[in-house]
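Below are the chains, spelled out letter by letter.
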Amino acid sequence: MTNSYITGLVAEFIARMYLRLHGFRIVKSRYTTGRYTGRAEIDIIARRGNLLAFIEVKRRHDITTGLDAITPPQAVRLRRAAETYIAQTRWMGDARFDAIVVAPHKIRWIRGAI
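Residues numbered from 1 in each chain as written. Predicted model: local features only at pLDDT ≥ 70, side-chain atom pairs only at ≥ 80, totals over all residues. Heavy atoms only, no water.

Draft legend 1. Expanded view of the packing of aromatic side chains. On inspection of all chains with the given rule, the structure shows 5 aromatic pairs. A centroid spacing of 5.7 Å and a plane angle of 75° characterise the contact between Phe-24 and Trp-109, whose relative ring orientation is edge-to-face. Taken together, the residues span a long stretch of sequence, with Phe-24 in the loop between helix H1 (3-21) and strand S1 (25-31) and Trp-109 in strand S5 (residues 106-110) at a distance of 85 residues. Comparing Phe-24 with Trp-109, the two get one shared label, buried. An aromatic cluster of at least three residues, connected via ring pairs, comprises Tyr-31, Phe-54, Tyr-85 and Phe-97. (Phe/Tyr/Trp six-rings, centres within 6.5 Å; stacked < 30°, edge-to-face > 60°. Helix = DSSP H or I, 4+ residues; strand = E, 2+ residues; numbered from the N terminus. Buried < 20%, exposed > 50% of the residue type's maximum accessible area, 1.4 Å probe, protein only.)

Structure (structure tokens):
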């Protein structure tokens, strides 16, 4: 395992704890629709009440570079993966895309980021 892979896993763990502290229940971690489908992996799917949040987690040295790391093609793949999840589970509530950037000594949660 590479160092960046491990720091990514730690960032996802921190993000899950952060979401739990804000009343979310983690529904799924590292959701993917399958290999070679042209869809992205969603880092975290969390639910609070009637809201399903699809969360992209970025670990960077500062908040700005974390936000810049979500490219338009990646956003399209994330939307497609979320649409697949919603169709498979027949979710009828609200849904949104968020990003959580984990930087040293700081966490930033951007609601409606994608």
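Picking up after the structure, the text goes on.
Draft legend 2. Representation of the pattern of salt bridges within the structure. Applying the stated criterion across every chain yields a total of 4 salt bridges. Note that Glu-41 is salt-bridged to Arg-30, the shortest N-O span being 3.7 Å. Here Arg-30 lies in strand S1 and Glu-41 lies in the loop between S1 and strand S2 (42-48), a separation of 11 residues in the sequence. The partly exposed category is assigned to Glu-41, whose relative accessible area is 32%. The class of Arg-30 is partly exposed, set by a relative accessible area of 32%. Sharing partners across several salt bridges, the network here consists of Glu-12, Arg-30 and Glu-41. (Salt bridge = Lys/Arg side-chain N within 4 Å of Asp/Glu carboxyl O.)

Draft legend 3. The arrangement of the nonpolar core in detail. Core analysis: the biggest nonpolar cluster contains 16 residues, and Ile-42, Ile-45, Leu-52, Phe-54, Tyr-85 and Ile-114 have the highest contact counts within it. Those elements that provide at least two residues to this core are S2, strand S3 (51-59), helix H3 (72-89) and strand S4 (94-103). Leave out the neighbours within four places in its chain, and Phe-54 touches Ile-42, Ile-44, Ile-45, Ala-82, Tyr-85, Ile-86, Ala-95, Arg-96, Phe-97 and Asp-98. Core analysis: the second largest hydrophobic core is formed by 14 residues, Ala-15, Ile-44, Ile-100 and Val-102 among them. (Core = buried A, V, L, I, M, F, W, Y, C linked by side-chain atoms within 4.5 Å. Contact = heavy atoms within 4.5 Å.)

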